[in-house]
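# Examination of the molecular architecture
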Amino acid sequence: MDAWLTALAYNSGMRRLLRPIPILIVLAVLSAALFAAFYAYVLRGLPSIDAVDAGLALPSTRIYDRNMRLLYEITPDGIARNSVLPLDEIPPHCVNALIATEDAGFYGHPGVSVRGIARAAWLNLRGGDVVAGGSTITQQVARNLLLDPNARAERTLQRKLREMVLAVRLQQRYSKDEVLALWLNQTDFGNLAYGVDAAARAYFGKSASALSLAECSLLVGVPQSPNLYDPLTNLDAAKVRQRTVLDLMTDEGYITEAEADTAHADELQFAAVPYPIEAPHAVMAVWRELEATYPEALYNTGLEVVTTFDLDWHNAAQRIVARELERLNNPETRARIPANAHNAAVVALDPYTGEVRVMLGSPDFFDDNISGAVNLALTPRQPGSTLKPFTYAAAMNPESAQPYTAATVLMDVRTPFITRRLESYVPANFDLQEHGPVRVREALGSSFNIPAVIALEDVGVTPFIQLMTDMGVEQLALNNDVDLSVTLGGGEVRLLNLAGAYGALANGGTRVQPALISSITTADGDTLYEHRSVAGQRVLDERVAFIVTDMLADDGARHRGFGANSLLNIGRPAAAKTGTTTDFRDNWVLGYTPELVVGVWVGNASYEPMQNVTGLSGAGPIWHRFIREVTDGTPRTPFTRPDGVERVDICALSGMLPTDACTVTRSEWFITGTAPTEPDDYHQFFEIDTATGQLATAATPPERRTERVYVVLPPPVRAWGARNGIPEPPALPQTQQSAALRIVSPDPYTTYEIDPVLPRESQRVKLAVSAPLDTVRVTYRLNGEPVAVADAAPYEAWWQLAVGEYTLTAEIARADGGVETLESVPFTVVPYQAERLFTP
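The residue numbers shown here count from 1 along each chain, following its written sequence. pLDDT decides what is reported in this predicted model: residues at 70 or higher carry local features, side-chain atom pairs at 80 or more are listed and counted, and totals for whole chains, interfaces and linings draw on all residues regardless. Think of the side-chain values as coming from all heavy atoms in the structure, minus any hydrogens and water.

Moving on, we get to the overall build of the protein. In this text, helices come from DSSP runs of H or I with a minimum length of four residues, and strands from runs of E with a minimum of two, each type numbered from the N-terminal end. Each helix and strand in the protein was counted, giving 26 helices and 26 strands. Think of it in three bands: residues with accessible area under 20% of the maximum for their type are buried, residues over 50% are exposed, and the middle band is partly exposed, with areas taken using a 1.4 Å probe on protein chains only. Burial statistics for the protein: of 840 residues in total, 51% are counted as buried. Residue pairs in contact within the protein that sit at least 24 positions apart in sequence constitute 68% of those at least 6 positions apart. Here the open area of atoms and residues is found with the Shrake-Rupley method and a 1.4 Å probe, where only the protein chains shown may cover a residue. As displayed, the protein has an accessible area near 39100 Å², and 53% of this comes from carbon and sulfur atoms. Any two residues whose heavy atoms approach within 4.5 Å are treated as being in contact.

Below you can see the structure in the form of structure tokens.
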């Protein structure tokens, strides 16, 4: 029994000894699991502290103008360059403001502060807003310099724990003062300014060492929310935040209440531009090209980029634009109303190399009120009449069956056209006048609309769009809706591309590829890219380019549209074309000398209409002053005349060879072989009986006979001639009477609507033809049935509207017994379509 009791006691003791062992094992396993989870959740993949120095040491990409003047410097993160300053070069007020606002116990914790988190929570609760952050300064440095951008944006427990571990490690590597310097040299102060020195220059135009208490307290408050507290766009909010910073500095004993009040009351003097960048639209365009071609080198190893831009020219363009917009919007005389024109863009390029000297995208890149950051040199806008030169260039193609010449006469009278969608299109001239027969030279120089549409109809929209595409204006081909109105601006183009197309006119017909970059080299000096000027693709016959240029440079051809000696004259050989949209949303001038193309656009980025501003009055002064300033002192060289063109005298009115009857002649350029061969038939001699005023007959005695010259106009412009006092001869030859007869009213494919309010008998449409002088009767038929007969000039009739689809024909009975049936015109009459005011 004793032995049994002894054994039992022994075993019981052993069990008591062995019982804690499984618990320790469980605890060990749990600890290992927790550590593994913590490692996987927090520690795994943490960046090395060495990345702090590596990030600050990465080289930048520098962008220069063509004369090696720095335009902008891009850091590896794509931010503005900041000069890294040691702490002793940063004003104590900035350091004290930082500590008071972000981490009052900074010098007393190892990188993470529980007291700081509690203090921030209390301050925020007391203030009813976020006035202080919970992260220590060291944590903020770790977050911003060591975590990637995606991780920084996370608001999770994992990110916070990783940030805290990195902060402790960071504080073990760097002294407190070094951590402060890191924060002040890398924090985002808004407006692409990273670091206190960049912020000082961006906001106040000075180095950080010169900052005052007022300026330090304002800047230190910005990083809490750079957009909300941006003093350049929201000064009131920034001042409220500054007051908070000053109060915290007072609470911590860094300044007195009096000093805080004085600093808050100080009137701050801000820099003229938010951050140090020259020619920002041009720089941003280059930046996009670099990102597309060399993204790795751009941010990781650094590049030296020499652009084609000229900073002096850019500054001249910006100064001239600002002055002219001010003049437009604040006219000196009461006779002119404010123009409501707030944006402008200027492009200048070399027509042979394509190198862009200026790309000014707006008057002020930093003015949000006018959407200044929008680059309107690259934004598609309607070009007005600036496409007309290419319409005539296409029509003058010597390989076509019947090429136009500068002397080709077009009838500038009301003309209906049929679009590709079978709709009636009736363009009008800008001055709402008709000008009768006009030569292409005058039609282009004075920018008449109707002749340009006639020319485009002859050329065809598709061949014209192809020519524009070949010349580098590719936006039109992307628009399936373009039609005959495209020659008047019924499409959208970019100023830069259009300037390139004008460059093809200037250089004799070869395509111009705009170039923004002259060379790109690596940080080690290796050349990655060098712009070389190579002959472009020929897109236009050089003889056509020369004649179009000569027409655009002809001040005499512009007289009827713009008057003598307009702003398009610059005192040296230059060709120019204006453009104005009918609603005054866009106006342009594109022009060139033999060595330079300059394009100007004026309008509003918001598409808000201007007030009565044309290409000549809006874009014209900018173009004139800029091109004169940048070409001042350079040789006045003429445009080079190619082989294969000749000068021929023509009759000014008809464009045909002069006769004794034509007394007004002009000398005109022609591609060899395209000059007129027929004598003028507009001016004709008629023998008149002075007693009767009619043609002399065999019975008219010699003393009553006299020879007079009459202008015999073609039928489409005969009515125009009568309205403008051009007398007609007593009779016309049969060949003159038969030419170009047509139905002139109604317009083809017009839709008429019967109004239920107006009397039915008053709702009529005029039926009219261009009738020759020997007409005796005109019979009008609708769908084959006669509806009216007119037997006296002007041989018009009126037909009361009735619902239906109709085809109008007209039969002209002539004095010799002949009858001509004119080409039919379709039109439609529909019942009143009440506009639906409410949608069920």
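Having put the structure on the table, let's press on.
Patch membership requires more than 30% relative accessible area and the absence of a salt bridge. Residues of like charge join within 9 Å; the nonpolar side chains Val, Leu, Ile, Met, Phe, Trp and Tyr join within 5 Å. A side-chain nitrogen of Lys or Arg and a carboxyl oxygen of Asp or Glu constitute a salt bridge if their distance falls within 4 Å. A cluster of nonpolar side chains, namely Ile418, Leu422 and Tyr749, defines an oily patch on the protein surface of about 250 Å² accessible area. Examined against the element boundaries, leucine 422 turns out to sit in the loop between β7 (417-418) and β8 (424-425).

Applying the stated criterion across every chain, the model contains 33 salt bridges. Taking the shortest distance from any N to any O, the salt bridge between aspartate 312 and arginine 69 comes out at 2.9 Å. Taken together, the positions of aspartate 312 in helix α16 (residues 311-329) and arginine 69 in the loop between β1 (61-64) and β2 (70-74) put the pair 243 residues apart, joining distant regions of the chain. Given the relative accessible area of 44%, aspartate 312 is considered partly exposed. Residue arginine 69 is classed as partly exposed on the basis of its relative accessible area, which comes to 27%. The closest approach of N and O atoms between arginine 511 and glutamate 474, which form a salt bridge, is 3.3 Å. Here glutamate 474 lies in the loop between α20 (461-470) and α21 (495-507) and arginine 511 lies in the loop between α21 and β10 (517-522), a separation of 37 residues in the sequence. One network of salt bridges, in which partners are shared, links Arg439, Arg441, Asp550, Asp554 and Glu668.

Moving on, we come to the packing of aromatic side chains. Any two rings among Phe, Tyr and Trp, with Trp reduced to its six-membered ring, count as a pair given centres within 6.5 Å; such a pair is stacked if its planes are under 30 degrees apart, edge-to-face if over 60, and tilted if neither. One pass over the full model with this rule turns up 16 aromatic pairs. Measuring from centroid to centroid gives 5.5 Å for phenylalanine 204 and phenylalanine 270, while their planes differ by 15°, and the two rings are stacked. Of the two residues, phenylalanine 204 sits in helix α10 (residues 196-204) while phenylalanine 270 sits in the loop between α13 (257-265) and α14 (280-293), which places them 66 residues apart along the sequence. Residue phenylalanine 204 is classed as buried on the basis of its relative accessible area, which comes to 6%. An aromatic cluster is built from Phe390, Tyr502, Tyr592 and Phe639, whose rings are joined through pairwise contacts. Sitting over a ring, as applied to charges here, requires NZ of Lys or CZ of Arg to be within 6 Å of the ring centre and within 35 degrees of the ring normal. Looking at lysine 176, its charged tip hangs above the ring of phenylalanine 106, at a distance of 4.5 Å from the centre.

Here we take up the environment of alanine 810. Assignment of secondary structure puts alanine 810 in strand β25 (residues 804-814). Classification of alanine 810 by relative accessible area gives buried; the value is 0%. When the C-alpha atoms of alanine 810 and valine 769 are compared, they prove to be 7.7 Å apart, with 41 residues separating the residues in sequence. Excluding residues within four positions of it along the chain, alanine 810 makes contact with Ile743, Val769, Val778, Thr779, Tyr780, Glu820, Thr821 and Leu822.

Here the focus is the sheet that holds β1. In this analysis, strands are considered paired if DSSP registers two or more bridges between them. Taking strand neighbours across the sheet as the criterion, the 5 strands line up as β2-β1-β3-β10-β11 in an open arrangement whose pairing is mixed. Both outer strands of the open sheet, β2 and β11 (527-530), are each paired with one neighbouring strand and no more. Taking the axes of each pair of neighbouring strands and ignoring which way they run, one obtains an average angle of 10° across the sheet. Sheet topology note: the strand β3 (residues 303-307)/β10 ladder contains 5 bridges and is antiparallel. From the neighbouring strand, valine 305 faces β10, where its bridge partner is isoleucine 520. Note on definitions: angles span 0 to 180 degrees between N-to-C directions of axes, and those axes are lines fitted to C-alpha atoms, for helices only across the stretch in contact.

Time to look at α14. Here the expected span of a helix is defined as 1.5 Å times the quantity of residues minus one. Compared with an ideal rise of 1.5 Å per residue, which puts 14 residues at 20 Å, α14 spans 20 Å between its outermost C-alpha atoms and is within 8% of the ideal. Listed as buried for α14 are Pro280, His281, Ala282, Val283, Met284, Ala285, Val286, Trp287 and Leu290. The elements touched by buried residues of α14 are β1, β2, α15 (295-301), β3, β5 (356-360) and β10.

A few words now on the packing of α21 against helix α22 (residues 542-552). Helix-helix packing is described using two parameters, namely the angle between the two axes and the distance between the axes. Two elements in contact, α21 and α22, have axes separated by 7 Å at closest approach and are oriented at 105°. Taken together, α21 and α22 sit at an angle that is classed as roughly perpendicular. The segment α21 lies against α22, with Tyr502, Ala504 and Leu505 engaging Ala545, Val548, Thr549 and Leu552. Each residue belonging to the contact of α21 with α22 can be placed in one class, and the counts come to 6 nonpolar, 1 polar and no charged. The cut-offs work like this: below 35 degrees is roughly parallel, past 145 is roughly antiparallel, 65 to 115 is roughly perpendicular, and the gaps in between are oblique. Residues were grouped as follows: Ala, Val, Leu, Ile, Met, Phe, Trp, Tyr, Cys and Pro as nonpolar; Asp, Glu, Lys and Arg as charged; and all remaining residues, including Gly, as polar.

For β2, the tally of buried residues reaches 4 of 5 residues, placing the bulk of the element in the interior. Pairing between β1 and β2: 4 bridges, direction antiparallel. Looking across to β2, one finds that tyrosine 64 is bridged to leucine 70.

Moving on, we come to the packing of helix α17 (residues 388-395) against α20. Where α17 meets α20, the closest approach of the two axes is 10 Å, and the angle between their N-to-C directions is 115°. In terms of their interaxial angle, α17 and α20 are classed as roughly perpendicular. Regarding α17 and α20, the two cross each other, and that crossing is right-handed. Facing Phe390, Thr391 and Ala394 of α17, the residues of α20 in contact are Phe464, Leu467 and Met468. Grouping the constituent residues of the contact of α17 with α20 by class yields 5 nonpolar, 1 polar and no charged. Each helix crossing is assigned a hand: it is left-handed if the near helix lies turned anticlockwise from the far helix by less than a right angle, otherwise right-handed if that turn is clockwise.

Here we come to the environment of leucine 182. Among the secondary structure elements, leucine 182 is positioned in helix α9 (residues 176-186). In this structure leucine 182 comes out as buried when scored by relative accessible area, which is 9%. When the C-alpha positions of leucine 182 and proline 86 are compared, they lie 9.0 Å apart, and in sequence the two are 96 residues distant.

Here threonine 700 is to be found in the loop between β17 (683-689) and β18 (705-711). There is a polar contact of 2.9 Å between the side chain of threonine 700 and the backbone nitrogen of threonine 697. Leave out the neighbours within four places in its chain, and threonine 700 touches Asp689 and Arg705. Any pair of nitrogen or oxygen atoms within 3.5 Å is treated as a polar contact; in protein, a donor-acceptor pairing is required on top of that, and neighbouring residues in sequence qualify only through side-chain atoms on both sides.

Next up on the list: the side chain of threonine 391. Examined against the element boundaries, threonine 391 turns out to sit in helix α17. With residues near it in sequence (within four places) discarded, threonine 391 still touches Ala452, Ala455, Leu456, Val459, Phe464 and Thr487.

Right, let's talk about the state of the cysteines for a bit. We call a pair of cysteine sulfur atoms a disulfide when they lie within 2.5 Å. Under the definition given, this model contains 2 disulfides. Across the disulfide, cysteine 94 is cross-linked to cysteine 216 (sulfur-sulfur distance 2.0 Å). The S-S bond linking cysteine 94 to cysteine 216 shows a torsion near -75°; that makes this disulfide left-handed. Taken together, the residues span a long stretch of sequence, with cysteine 94 in helix α4 (residues 92-102) and cysteine 216 in helix α11 (residues 213-221) at a distance of 122 residues. What makes cysteine 94 buried here is its relative accessible area of 1%. Bridging cysteine 651 to cysteine 662, the disulfide has an S-S length of 2.2 Å.

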